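Survey of secondary and tertiary structure
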Amino acid sequence: MSVQRRLIIKGGRRIEGELSVQGAKNSSLPILAAAVLCRGQTEIYNCPKLSDCDAACRILSSLGCGCKREGNVVCVNSSAVCTSDISEKLMREMRSSIIFMGALLGRTGQCRMSFPGGCEIGSRPIDFHLDAFRKMGAKITEEHGYITCSAAKLRGAKISFPVPSVGATENVMLAAVLAEGSTEIHNAAREPEICDLAGFLTKCGAKIDGAGTGTIHIEGVKSLSGCTYTVMPDRIAAATYLCCGAITRGEILLTNTDPASLGLVVPVLEQIGCSIYSFGSGSVYLNARKTLKAPAMIKTAPYPGFPTDAQPPLMALCSTLPGTTMFTETIFENRYRHVSELKRLGAKINVEGQVAVVEGVSRLSGAELEACDLRGGAAMVTAALFAEGTTKISKICYINRGYEDIEGCLRSVGADIRCV
Ligand code: EPZ
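Residues numbered from 1 in each chain as written. Predicted model: local features only at pLDDT ≥ 70, side-chain atom pairs only at ≥ 80, totals over all residues. Heavy atoms only, no water.

Points about the site of the ligand
- Around the ligand sit 23 residues, and of these Asp-127, Ser-165, Gly-167, Asp-309 and Ile-331 come closest.
- Arg-124 is positioned with one of its side-chain polar atoms (N or O) 3.0 Å from an oxygen atom of the ligand.
- Interatomic distance of 2.7 Å between a backbone N/O atom of Val-166 and an oxygen atom of the ligand.
- When the free accessible area of the ligand is taken as 830 Å², the share hidden by the protein chains comes to 85%.
- Those elements that provide at least two residues to the shell around the ligand are helix H1 (25-34), helix H5 (127-135), helix H6 (166-176) and helix H12 (374-384).
- Among the elements that take part in the shell around the ligand, H5 stands out by supplying 3 residues, more than any other.
- Formed jointly, the shell around the ligand draws a minimum of three residues from each of two domains, domain 1 (7-22 + 233-419) and domain 2 (25-230). (Near = heavy atom within 4 Å. Polar contact = N/O pair within 3.5 Å; in protein donor to acceptor, adjacent residues only side chain to side chain. Areas by Shrake-Rupley, 256 points an atom, 1.4 Å probe, with all protein chains shown as cover. Helix = DSSP H or I, 4+ residues; strand = E, 2+ residues; numbered from the N terminus. Domains from an automatic or database assignment.)

Some remarks on the layout of surface pockets
- A volume near 190 Å³ is recorded for the second largest pocket.
- In terms of lining, the second largest pocket is formed by 11 residues, of which the most central are Arg-5, Ile-396, Cys-397, Asn-400 and Cys-419.
- Looking at the lining of the second largest pocket, the elements that each hand over two or more residues are helix H13 (397-400) and helix H14 (406-412).
- Residues belonging to the lining of the second largest pocket are distributed by class as follows: 6 nonpolar, 2 polar and 3 charged. (1 Å grid on protein atoms, 1.4 Å probe; cavity = no way out; pocket = protein on both sides within 12 Å on 5 of 7 lines; lining within 4 Å. Points joined across faces, edges and corners; volume = space filled by probe spheres on them. Nonpolar A, V, L, I, M, F, W, Y, C, P; charged D, E, K, R; others polar.)

Focus: the sheet that holds strand E8 (residues 110-114)
- Strand order across the open sheet formed by 4 strands is E7-E8-E10-E9, with mixed pairing between neighbours. The strands lining the two open edges of the sheet, one partner per strand, are strand E7 (85-86) and strand E9 (139-143).
- Judged from the 5 bridges that link them, E8 and strand E10 (residues 146-150) form a sheet pairing that is antiparallel. By the bridge assignment, Ser-114 is partnered in E10 with Tyr-146. (Pairing = 2+ DSSP bridges.)

Let's talk about helix H2 (residues 51-62)
- Here H2 contains 12 residues, and its C-alpha end-to-end distance of 16 Å stays within 8% of the 16 Å for a straight helix at 1.5 Å per residue.
- Listed in full, the buried residues belonging to H2 are Asp-52, Cys-53, Ala-55, Ala-56, Cys-57, Ile-59 and Leu-60.
- Where the residues of H2 are buried, they touch H1, strand E5 (66-70), strand E6 (73-77), E7, helix H3 (88-93) and helix H4 (100-108).
- Taken from the residues just after H2, Gly-64 is the one with a positive phi, measuring 100°. (Expected span 1.5 Å × (residues − 1). Buried < 20%, exposed > 50% of the residue type's maximum accessible area, 1.4 Å probe, protein only. Contact = heavy atoms within 4.5 Å.)

Here we look at the environment of Phe-279
- Checked against the element boundaries, Phe-279 lands in strand E18 (residues 275-279).
- Judged by relative accessible area, which is 40%, Phe-279 ranks as partly exposed.
- Phe-279 sits 24 residues away from Thr-255 along the chain, and the two C-alpha atoms are 9.4 Å apart.
- Here Phe-279 is in contact with Leu-253, Pro-259 and Tyr-285, once residues within four sequence places are set aside.

Concerning the domain arrangement of the chain
- When its domains are assigned, the chain resolves into domain 1 (7-22 + 233-419) and domain 2 (25-230).
- The straight-line distance from the C-alpha centre of domain 1 to that of domain 2 is 30 Å.
- Facing 25 residues of domain 1, the contacting portion of domain 2 comprises 19 residues.
- A buried area of about 1,800 Å², summed over both sides, lies between domain 1 and domain 2, and 49% of it is on carbon and sulfur atoms.
- Together, Tyr-303, Arg-401 and Glu-404 form the three largest contributors to the area buried by domain 1 at its contact with domain 2, with a combined 32%.
- Here domain 1 and domain 2 share 2 salt bridges between them. (Buried area = accessible area lost by both parts, 1.4 Å probe. Salt bridge = Lys/Arg side-chain N within 4 Å of Asp/Glu carboxyl O.)

Here's the deal with the nonpolar core
- Grouped together as the largest cluster of nonpolar side chains are 80 residues, with contacts concentrated most on Leu-32, Phe-100, Met-101, Leu-201 and Leu-224.
- In terms of nonpolar packing, the next biggest core, distinct from the first, is built from 75 residues, Ala-237, Leu-242, Ile-247 and Cys-318 among them. (Core = buried A, V, L, I, M, F, W, Y, C linked by side-chain atoms within 4.5 Å.)

Details of a nonpolar patch on the surface
- Taken together, the side chains of Met-297, Met-326 and Val-357 define a hydrophobic patch exposed on the protein surface, amounting to about 250 Å² of accessible area.
- Note on placement: Met-326 falls in strand E21 (residues 324-328). (Patch = residues over 30% accessible without salt bridge, like charges linked within 9 Å, V, L, I, M, F, W, Y side chains within 5 Å.)

Some remarks on the pattern of salt bridges
- Counted under the stated rule, the structure contains 17 salt bridges.
- Between Glu-93 and Lys-89 there is a salt bridge, and its shortest N-O distance comes to 3.4 Å. Of this pair, Glu-93 and Lys-89 both sit in helix H3, separated by 4 residues, roughly a single helical turn.
- For Glu-93, a relative accessible area of 29% gives the class partly exposed.
- The residue Arg-134 makes a salt bridge to Asp-131 at a minimum N-O spacing of 3.7 Å. You can see Arg-134 and its partner Asp-131 sitting in helix H5, 3 residues apart, about one turn around the helix.
- Given a relative accessible area of 35%, Arg-134 falls into the partly exposed group.
- By relative accessible area, which is 42% here, Asp-131 ends up partly exposed.
- Through salt bridges with shared partners, a single ionic network connects Glu-16, Glu-251 and Arg-289.

A look at the sheet that holds strand E23 (residues 355-359)
- Taken in spatial order, the 4 strands make up an open sheet running E20-E21-E23-E22, and their pairing is mixed. Whereas interior strands pair on both sides, the edge strands pair on one side only; in this sheet they are strand E20 (297-299) and strand E22 (348-352). Sheet twist, expressed as the average angle between the axes of neighbouring strands with direction ignored, equals 15°.
- Relative to E23, E21 is paired through 5 bridges, and the arrangement is antiparallel. In the sheet register, Phe-327 faces E23, and the bridge partner there is Ala-356.
- Across the sheet, helix H10 (residues 311-318) lies against E20, E21, E22 and E23, angled at about 165° from E21, the strand it touches most. (Axes fitted to C-alpha atoms, helices over the stretch in contact; angles between N-to-C directions.)

Pasting the structure below:
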């Protein structure tokens, strides 16, 4: 049994310094899947070193693609995709592997994978994905825990989503770029990662209009070539590190980031009392050496609303601010699992359904915590930077799914953090 490594954080140190932000996990995953559609070599730059990206590379290799990483560059050669089955073992490593379905249908006309199932934060249904593929002509059977799809040739269709879905929007884009005719996606997700995927596909020869708006139009083409592409900066990692700067009442300069993609995160941190300056060079500076106060209401929503992925780290920050904050989580049904761990540090939080009421406290004290999901684990790290004494966080494999070297990043800006 491998000994689980833990993060040991001694709180009370101000974050001060400059930090380069990693590439976006939620952009690199669909772009890695999109490489299946390209005949030839694709070079993906700024691909973060994350366990989720490693899982995606293992899937690419299992499909017969050449896939190798050199630092933050992943090279994929999809000239010889030889199967369209993804094993249950690989699916269990990362449920968001469902994003390979659209690409495999587009490239090979078939796909077989085990049901991705839910995860720590919710049931994560995929009905939008499957309904869309059926509309595009795919035959889909679901039995014995497996989904089997086949389509001699996908045809363009008009797809409307009941609510914006990032993954379903991406999956339809991946299925539509090589389909016959045109596809229109209505009520499409508008997240910056959608624009990044569209940017990659367009560079490979796809015809896509409207990415980033609620209506995306795709004209099918015959084939896609490989390309060289740089993944956008990770806006959630950036939001997390800004919360780390703010909770320690310090100051932090983030470089290699995209201020515009931060959306409502910046106005919320300004409402709290932080000074924030964005620079055209792709940097964001935050100074929290002021008197901070709790924001009254935070409600998560699809982009450009407040991002659900930033809710846990922001909640950690709010638990240390004078005043009361009412959080409403509208995207996932079980995204307050970090609350019980934050309360072990002394946070005062009361959860009723989708609402969490945070009453700020002036001190937190270190404790032994257990990460329960990716962003919940990031919330624990954020709070531990403020807590007096030592906090030990176990099950950090959750955190490593989405944060590249969080220990080294935070240590480089003054945190007393180590991984043992
Ligand atoms: C993506 O998940 C992100 N993951 C999530 O980030 C992020 O929280 C989420 O988008 C929302 O922004 C990746 O990009 C890999 P959705 P996704 O489909 O695509 C419902 C992180 O921490 N829905 O936009 O799975 C769903 O239940 C992760 O980095 C259906 O009902 O999210 C949810 O309520 C966590 N049926 C809502 O839509 C479907 O077929 C939005 O989910 C699909 C979704």
